[in-house]
Amino acid sequence: MKKISVLIPTYNESENVIPLTDSIVHEFNKLSEYDYEIIFIDNKSIDDTRDKIRELHNNNNKIKAIFNAKNFGQNNSPYYGLTQTTGDCAILMCADFQDPVEMIPTLIKKWEEGHKIVSCIKTTSRENKFVRFLRTCYYKLIKKFSDVEQIEHYTGFGLYDRSFIDVLRNLNDPTPFLRGIVAELGADRIDIPYEQQRRKAGRSKNNFFTLYDIAMLSFTSYTKVGLRMATFLGVIVGLVCFLIALFYLIYKLVYWDRFESGTAPLLIGLFFLGSVQLTFLGIIGEYLLSMNKRIMNRPLVVEEERIGF
C-alpha cells in the first residue's frame with residue numbers, strides 16, 4: 001500500500017489545525033487504497049496551536065509533529081519538513097485553507113500517471129486585487145531576468161515524489177528557495193490550475209518584511225540582473241559625467257570671459273551619483289548577505305520536540 005505524506009507548516013494557526021485535519025482525514029477515508037500521515041511542522045507558535053496538535057495526535061496516531069525551537073521562517077521550515085516525510089510522495093499545503101483540501105485526489109491521480117512533481121498554479125485568487133497585481137509584476141520580473149525558468153503564481157502547494165524529496169535531502173542548501181529549486185531541478189513536472197481561497201480563520205503572518213525576504217531570496221539566488229545593472233549603469237553614468245565635464249571644460253576655455261561658475265550642476269551631479277551608488281551598494285549587499293548565510297551553513301531548523309515519529 002502506497003503512503004501519502006501531507007506536510008502542513010504552522011505558526012499561530014490554532015483556529016485552523018483541527019478543521020483542516022478533519023478535512024484531510026475525510027479525503028483519505030475516500031482513498032482507502034492509500035495509507036497516509038499528516039505532519040505538522042510548527043514555527044514556535046505562541047498560541048495553543050501545539051496543544052491542539054498534541055490532541056490530534058492522541059486521537060489519531062497517523063498525525064505527527066515537529067516543534068521547532070524558534071521561528072525559522074516560512075522558507076526553511078517547510079523545506080526541512082519535506083525532508084522528514086516518510087511517504088512515497090509528499091503534499092505540501094498551508095494551514096489556513098487557502099490551498100483546497102479537495103484537490104488531494106487530483107494531485108494523487110496526476111502522480112499515479114507518472115508525474116514526479118504536481119505544482120498548483122494560482123490562476124485566480126480571492127486575495128486583494130492590488131496585492132495580486134504586485135505579485136504578478138514580481139513573477140514577471142523574476143521570470144524575465146532569471147537564469148532558469150521560474151513558475152508564475154506558484155506558492156509551493158503541490159505534490160512531490162519521494163525521488164525529488166531525496167534531491168532536497170542531498171542539496172545541503174542553508175537558505176533554500178523551494179519554488180526556485182522546483183523550477184530548476186524538478187523533473188517530470190506538471191502544472192495544474194486552482195483558485196486560491198480566502199484564509200478561513202486568523203490573520204496572515206506575512207508582512208512587508210517577510211515578503212521582502214522571499215522576494216530578495218529569489219532575486220539573489222536566481223538572477224544576476226542586480227549586479228549587471230550596477231555595472232552597466234555605473235559605466236553609463238561615468239561616461240555621461242565625463243562628457244558633461246568635457247563640455248564644461250571646452251565651454252570655459254572658449255567663453256572664459258563670459259563664463260559664470262555655479263554650484264548647482266555640481267550639487268545635482270553629486271546627489272545623483274550618491275543615490276545611484278547607495279542603491280547599488282544595497283543590491284550588492286543583498287547578494288553578499290545571501291552568500292554569507294550559505295557560507296555559515298547553519299542548520300535549516302533546530303527541533304525542540306517530535307511527536308509520533
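Figured I'd write up the structure that's included with this text.

### Points about the overall build of the protein
Scanning the protein from terminus to terminus reveals 10 helices and eight strands. Relative to its full complement of 309 residues, the protein shows a buried share of 43%. For the protein, the share of sequence-separated contacts (at least 6 apart) that also reach a separation of at least 24 residues comes to 83%. By element, 59% of the accessible surface of the protein is carried by carbon and sulfur atoms, the whole surface being about 16,900 Å².

### Re helix 2 (residues 49–59)
The set of residues buried in helix 2 consists of T49, R50, I53, L56 and H57. Along helix 2, the residues classed as buried sweep out an arc of 115° about the axis, all on the same side. Set apart from the buried face of helix 2 by more than 90 degrees, the exposed residues are N58 and N59. As for helix 2, its buried residues are in contact with strand 1 (3–10), helix 1 (17–29), strand 2 (35–42), strand 3 (63–68) and strand 8 (303–307).

### Let's talk about a nonpolar patch on the surface
Taken together, I236, V240, I244, F247 and Y248 make up a surface patch of nonpolar side chains, about 480 Å² in accessible area. Here I236 shows up in helix 9 (residues 225–254).

### What to know about the pattern of salt bridges
All told, the structure shown has 14 salt bridges when counted by the stated rule. Linking D42 and R50 is a salt bridge whose minimum nitrogen-to-oxygen distance equals 2.7 Å. As far as the burial class goes, D42 and R50 line up, both buried. Its salt-bridge partner being E303, residue R306 comes within 2.7 Å of it at the nearest N-O pair. Members of the salt-bridge network, linked through shared partners, are D42, K44, R50 and E304.

### Notes on helix 6 (residues 162–171)
Listed as buried for helix 6 are F164, I165 and L168. Seen end-on, helix 6 carries its buried residues on one side only, within an arc spanning 105°. Once helix 6 ends, the next one or two residues include N172, with phi positive near 55°.

### Considerations on the packing of aromatic side chains
Tallying each qualifying case throughout the model produces three aromatic pairs. Taking NZ or CZ as reference, K2 lies 5.1 Å from the ring centre of W111, over its face. Its end group placed over the ring of F309, K64 keeps NZ or CZ at 5.2 Å from the ring centre.

### A look at the pairing of strand 1
Burial runs high along strand 1: six of the eight residues are buried. Sheet analysis places strand 1 next to strand 2, joined by eight bridges and oriented parallel. Among the inter-strand pairings, I8 is bridged to a residue of strand 2, identified as F40. Each parallel crossover has a hand, and for strand 1 linked through helix 1 to strand 2 it is right-handed. The sheet contact formed by strand 1 and strand 4 (residues 89–92) spans four bridges and is parallel. By the bridge assignment, I4 is partnered in strand 4 with C89.

### Considering the environment of I39
When you line up the elements, I39 lands in strand 2. A relative accessible area of 0% means that I39 is categorised as buried. Separated by 24 residues in the primary sequence, I39 and I63 place their C-alpha atoms 6.0 Å from one another. Not counting residues within four places of it along the chain, the set of residues in contact with I39 comprises V6, L7, I8, K64, Q84, T85 and F309.

Rules and cut-offs
- Position numbers for residues start from 1 in each chain and track the written sequence from start to end.
- Note on the predicted model: pLDDT of at least 70 is required for a residue's local features to be given, and 80 or more for side-chain atom pairs to be given and counted; whole-chain, interface and lining totals, by contrast, use all residues.
- To obtain the side-chain values, all non-hydrogen atoms of the structure were used and water was disregarded.
- Only runs of H or I of at least four residues qualify as helices and only runs of E of at least two qualify as strands under DSSP, and these elements are numbered from the N terminus.
- Only protein chains enter the area calculation, which uses a 1.4 Å probe; residues under 20% of their type maximum are buried, those over 50% are exposed, and those in between are partly exposed.
- For this analysis, residues touch if any pair of their heavy atoms sits within 4.5 Å.
- Per-residue and other accessible areas follow the Shrake-Rupley method at a 1.4 Å probe size, with only the shown protein chains counted as cover for residues.
- Picture the helix axis, draw a direction to every C-beta atom, and the arc is the one those directions span.
- Grouping into patches uses exposed residues only, defined as over 30% relative accessible area, and leaves out salt-bridged ones; the cut-off is 9 Å for like charges and 5 Å for nonpolar side chains (Val, Leu, Ile, Met, Phe, Trp, Tyr).
- When a carboxyl oxygen of Asp or Glu is within 4 Å of a side-chain nitrogen of Lys or Arg, the pair counts as a salt bridge.
- Two aromatic rings from Phe, Tyr or Trp, using only the six-membered ring of Trp, form a pair when their centres are within 6.5 Å; if the ring planes differ by under 30 degrees the pair is stacked, by over 60 it is edge-to-face, and anything between is tilted.
- Over a ring means this: the NZ of a Lys or the CZ of an Arg is within 6 Å of the ring centre and within 35 degrees of the ring normal.
- Between any two strands, at least two bridges found by DSSP are needed for them to pair.
- The handedness of a crossover follows from its direction of travel: if, with the strands pointing away from the viewer, the path from the first strand over the helix to the second runs clockwise, the crossover is right-handed.

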